[in-house]
Each structure stands twice: as structure tokens, then as C-alpha cells.
Amino acid sequence: MNATNRTVVVTGIGATTPLGGDSASTWEGLLAGRSGVRPLDDERFADLPVRMAATAAVEPDQVLPRPVARKLDRSAQFALIAAREAWADAGYTGPAGEDTAEDGSALIDPDRLGTVIASGIGGVTTLLDQYDVLKEKGVRRVSPHTVPMLMPNGPSANVGLEVGAQAGVHTPVSACASGAEAIGYAVEMIRTGRADVVVAGGTEAAIHPLPIVAFANMMAMSKNNDEPEKASRPYDTARDGFVLGEGAGVVILESAEHAAKRGAKVYCEVLGQGLSADSHHIAQPEPTGRGIAAAVQNLLDATDLKPAELVHLNAHATSTPQGDVAEIKALRRVLGDDVDHIAISGTKSMTGHLLGGAGGIETVATVLALYHRQAPPTINVENLDDEVDADIVRDEPRKLPEGTIAAINNSFGFGGHNVVLAFRTA
Amino acid sequence: MAATQEEIVAGLAEIVNEIAGIPVEDVQLDKSFTDDLDVDSLSMVEVVVAAEERFDVKIPDDDVKNLKTVGDATKYILEHQG
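Because the structure is predicted, anything quoted here is derived from the model rather than measured.

*Asks:* Break down the overall build of chain B for me, citing the residues and quoting the values.
*Replies:* From N to C terminus, chain B includes five helices and zero strands. What you see in chain B, going N to C, is helices and strands ordered as α-α-α-α-α. For chain B, whose C-alpha radius of gyration is 11 Å, the value lies close to the compact-globule estimate of 12 Å for 82 residues. Principal-axis analysis of the C-alpha atoms gives chain B an extent of 30 × 25 × 20 Å. Counting only residues that meet the buried cut, chain B has 44% of its 82 residues in that class. Across chain B, every contact between residues at least 6 apart in sequence was considered, and the portion connecting residues at least 24 apart equals 56%. Carbon and sulfur atoms form 50% of the exposed surface of chain B, whose accessible area is close to 4500 Å². Of the charged side chains in chain B, 6 are positive and 20 negative; the average position of the first set lies 5 Å away from that of the second.

What follows is the structure, given as C-alpha cells:
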């Protein structure tokens, strides 16, 4: 079973986001250029400097039965919903080992199945809520489910239990690059022969007064409370920070042989990843894009991606003054004139920034962009920043070329983590 | 006014329904929390805390392990309620 450089493909997708409760409604929202950012009307947010967020379009406890939902942190609820959609989309109808092909053989053996689902800050709302319970109601009332709910590996572990994964259940943590790093880790699990199928993605549920105030005090968040739907505006001259979002995006990654053997639908190929670290500042982006450029170069060195076939980028583009420009500078530095034929989408303009969930839902968006050959728009770019020397898809979706095409998805995180994932039409 | 056996079983059934989603009519004296009612060791702690509040009884951690069935819990509550 050991193998290296096996081809990895995407066979299933799932999402629950500020734009919709599944991947189809999310994709429709992205193409329509809809903002998922809404005012936070709850009184807990009334006196905060930021009173808006991209809240989930569908409340997870309306999807999951109560006995299931009450034992899961909201981030694990999102992950489970997205994973169930992706698992079914890939053609699996039950847990590993129980799901059989027509000849009675197992569609996937439990010991060949893994999960890698990440989040940036884990079960932070569980932690904060249970501390409130301890203070207000006493020791006895703190939930015995608190630890499994708050641990950042909870979403990956719960999805692993659901599908019966025994090859490994993992959770890389790298702030806002976590979801992308999870997908890269999953690709390596298949490449190195540890698994044939991996459920991979990112999730986040941190819309709570404390994280919001903490991010706002870093001067990282938009304070455009008067026009929430216009607050997330990557590349626009008036951008003033990111808008917090919540939800999850999950894909089923599979070795091409395994997918072919069971006749699975294939969305696209995953070429691999490029990684680097800035070693510059704990939270500020390196202004020249040196670290990002290194990640893109590492991707080119590690895969057979040809810059000429690169037609789409789902950018990190969080709508911060420094970060959006550094990313474009980095691309120019490595790709030169090849940047000119890349249609760049800043989907955080619509979904907000899902932190560790971003790499998950943006992978789903990138996969669908290749599959449907359409790049989603970047909304709210009213005055394009002069320093953004690239082709930003604005207002309307952009048709992508026929033939073999490739796309990359960038995710960067506090701590200086840079992750670039590459995909190509199958 | 102390609860009767029927009231305790009915109360436990509501608690188990809330925590594990098991229909109240399935919560009978002979049923095992773990094997029949989908109450794992963590959820059992929740059942115990909810029962303590509802029936004004203290159930120390050392006694919880002896409460295997709904009947065990009902008997314990009958004997110890305030």
C-alpha cells in the first residue's frame, strides 16, 4: 500500500457558511455577489467597537438533533454538517467498513480513512460560556462535556467518529491558515500511503464578545458598523480590517486509484501545497510579501503546476490595509507576467473571515470555480487600490478558459504561517 | 413532599429524553443507562446533576458507579431524597 506521489483528487464537498447551509447555496451566494455580513443585534455586543459579523446562514442546531448538538461545540457542529454533506456527495452512504460496493466489498476500509479538520481557536465559546456557568451556577453545573467540546481537535475527532476513520485523526493549528494546512496535511497522508481517503477542511465558531474585542483591540477588524454588508472590502482604498465569519468547509480527498476503482465523481486534482513562515512578527504581515513568495515558489518546486495554466486565485485578501497588498506583491515577485492571466477572487468580501475555517470554505470555492469554470466576484471594490497590480474579479463572476486549467488558494495566519494550495481540472 | 417511585421514573425519563433523546416511554426500571439508553459516562454525570436538582438529593461521585439501571437510580433517590 505504500506509495509516494500518488495523484490526489477531490470527490466530495460540503459547507455551511454565512451564505448558505450547504455548498450549493454557498456557491450560488458567491456567484451572486451576496454579502453574508449582518449586524449583531444581541445586547452582548451593544457596547463593543465592532457590532457586525458574517454569521452562519443556517443555525446548526436546526440541522442536528438536540442530543447530538448539545455535546458539540458550535465549531464541531459546523464541521459535522459540512462533513456529512461532503461524505454523501462523494457517494459514501455509511461509516467506513459498513458501506459496501455491489460485490459486497467495503467501499473504504476504516484503517485507510483519515480526518484532518482544523480550527484557529477551537471551542472558545464553550470555554467562555462554561466559565460563566462556573461563576454563576457553581462547580456542579459545569458540563462534563466541556473538555471534549473545547479541545481544538474536537471537530476532527467527532467527524472521525462519524465516518469511522482509523488511519489517523489530526488537527494542525496555524491561526487563519489552519484549514488550508489541514487540507495540505491530508494530501500528504494520501501521498505517503497512510490513507486512501481523508475528510479534510476547516471550521470556526468564534463570534462572541471576547474574541471580537480582542481582534478589534489589535486594530485588525473593520469598524464600519453602519454598513455591515460593505465592511469587508478587499483591495478597496477604504478597507479598514476584516469582518469575523463562522462556518465550515470540508472536502473528501481520495487517491485517484481509489476514486477510479469505485467510479467516483471527480471534481478536480489537488496538486499539492507550498508552505513557509515569515519569521517577521507575531501578527503583522511581512510588508514585501517575502514569506508568501517563498510559499508560492515552494509550491512550484514541489508540484508540476505550470504558471501558464494558472487562471484563478482564491486570495487570502482579508480586507486589511497591509495584507491585501503584500499578497499581490508576493505573487508578482514569483510569477511575474503570469499574474496577468490570473482572475483573482477575494471571497472574504462576502463570507467574512472564517479564521481556521477560511481554508476549508475557500478550498470548496476554488474547487467549484474550476469545476464550473467560473471565478466568483470580489464585492465592495469601489476604488481599487493603486498598489493592487493584478486582475481582480469585481462585481460579476468571470468565465474561466476551457482546457486544462489550474487554481491556487492562499491562506496566511497570525504567527507568520503561509499555505498555498494548488488544484487542476481533472 | 417526597416523590413517589412513579414520579421519579417519570422525572428520570424526562431527563434522559433531554440529554440523550430517548423517548420517555422507553425509560423503564430495568433499562441500563449505558447499554439501553445511550447515556455514556459523561452524559451520566449530567443525568445525576439534573436528578439531584429535581429530587433534592445528593448523589456523591462514589455512588454514581452503582447506578447502572433506571431502577438503581430510582431506588437510590427514594432512599436519599430530602
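So that's the structure; there's more coming.
*Asks:* Break down the sheet that holds strand E14 (residues 417-425) of chain A for me, with residues and values.
*Replies:* Residue and element names in this part refer to chain A. Spatially, the 10 strands line up as an open sheet ordered E5-E4-E6-E7-E1-E8-E14-E13-E9-E10, and their pairing is mixed. Bordering the open sheet on either side are strand E5 (168-170) and strand E10 (343-345), each of which pairs with just one other strand. Adjacent strand axes in the sheet meet at a mean angle of 25°, parallel and antiparallel pairs treated alike. Across the sheet, helix H6 (residues 154-163) is in contact with strand E4 (113-118), E5 and strand E6 (197-204); its angle to E4 comes to roughly 150°.

*Asks:* Explain helix H8 (residues 209-217) of chain A residue by residue, including any values.
*Replies:* Residue and element names in this part refer to chain A. Listed in full, the buried residues belonging to H8 are Pro209, Pro211, Ile212, Phe215 and Ala216. Where the residues of H8 are buried, they touch helix H4 (124-137). Taken from the residues just after H8, Met219 is the one with a positive phi, measuring 65°.

*Asks:* Residue-level account of the UniProt feature "modified residue: O-(pantetheine 4'-phosphoryl)serine" (unreviewed entry) in chain B, with values.
*Replies:* UniProt marks Ser41 of chain B with the feature "modified residue: O-(pantetheine 4'-phosphoryl)serine" (unreviewed entry), using the numbering shown here. Assignment of secondary structure puts Ser41 of chain B in helix H3 (residues 41-55).

*Asks:* Quick rundown of the nonpolar core? Include the residues and the values.
*Replies:* Residue and element names in this part refer to chain A. Counting 43 residues, the largest nonpolar core has Val10, Ile13, Val198 and Leu253 as its most contacted members. With seven residues, helix H7 (residues 178-191) is the largest single contributor of residues to this core. Summarising the domain contributions, this core has at least three residues from each of domain 1 (9-268) and domain 2 (272-425). The contacts of Leu253, once residues within four sequence positions are left out, are Val8, Val9, Val10, Ile183, Ala186, Val187, Ile190, Asp196, Val197, Val198, Ala200 and Val270. Counting residues in hydrophobic clusters, the runner-up holds 30 residues, among them Leu300, Leu313, Ala390 and Ile392.

*Asks:* How would you summarise the pattern of salt bridges if you had to cite specific residues and measurements?
*Replies:* Residues and elements named next belong to chain A. Overall, the coordinates contain 32 salt bridges over all chains when judged by the stated rule. Notably, a salt bridge pairs Arg6 with Glu257, separated by 3.9 Å at the nearest N-O pair. In this pair, Arg6 sits in the segment before strand E1 (8-16) while Glu257 sits in helix H9 (residues 256-261), placing the two residues 251 residues apart along the sequence. We classify Glu257 as partly exposed; its relative accessible area is 44%. Salt-bridge contacts for Glu254 lead to Arg262; the nearest nitrogen and oxygen are separated by 2.7 Å. Arg262 carries the same exposure label as Glu254, and that label is buried.

*Asks:* Outline the domain arrangement of chain A, supporting the account with residue identities and numerical values.
*Replies:* All names here are of chain A. Splitting chain A by domain gives domain 1 (9-268) and domain 2 (272-425). Taken over C-alpha atoms, the centre of domain 1 sits 21 Å from the centre of domain 2. The interface is formed by 68 residues belonging to domain 1 together with 63 residues belonging to domain 2. Both sides together, the interface formed by domain 1 and domain 2 hides about 4900 Å², and carbon and sulfur atoms give 68% of it. Applying the counting rule to domain 1 against domain 2 returns four salt bridges. For the salt bridge of Glu382 with Arg233, the shortest nitrogen-to-oxygen distance reads 3.4 Å. Partitioning the side of domain 1 that touches domain 2 into residue classes produces 33 nonpolar, 22 polar and 13 charged.

Cut-off values and rules
Residues numbered from 1 in each chain as written. Chains lettered and ligands numbered in written order. Predicted model: local features only at pLDDT ≥ 70, side-chain atom pairs only at ≥ 80, totals over all residues. Heavy atoms only, no water. Helix = DSSP H or I, 4+ residues; strand = E, 2+ residues; numbered from the N terminus. Rg over C-alpha atoms; globule rule 2.2 N^0.38 Å. Buried < 20%, exposed > 50% of the residue type's maximum accessible area, 1.4 Å probe, protein only. Contact = heavy atoms within 4.5 Å. Areas by Shrake-Rupley, 256 points an atom, 1.4 Å probe, with all protein chains shown as cover. Lys, Arg positive; Asp, Glu negative; His and termini not counted. Charge placed at Lys NZ, Arg CZ, Asp CG, Glu CD. Pairing = 2+ DSSP bridges. Axes fitted to C-alpha atoms, helices over the stretch in contact; angles between N-to-C directions. UniProt positions renumbered as here; feature names shortened; annotations may be inferred. Core = buried A, V, L, I, M, F, W, Y, C linked by side-chain atoms within 4.5 Å. Domains from an automatic or database assignment. Salt bridge = Lys/Arg side-chain N within 4 Å of Asp/Glu carboxyl O. Buried area = accessible area lost by both parts, 1.4 Å probe. Nonpolar A, V, L, I, M, F, W, Y, C, P; charged D, E, K, R; others polar.

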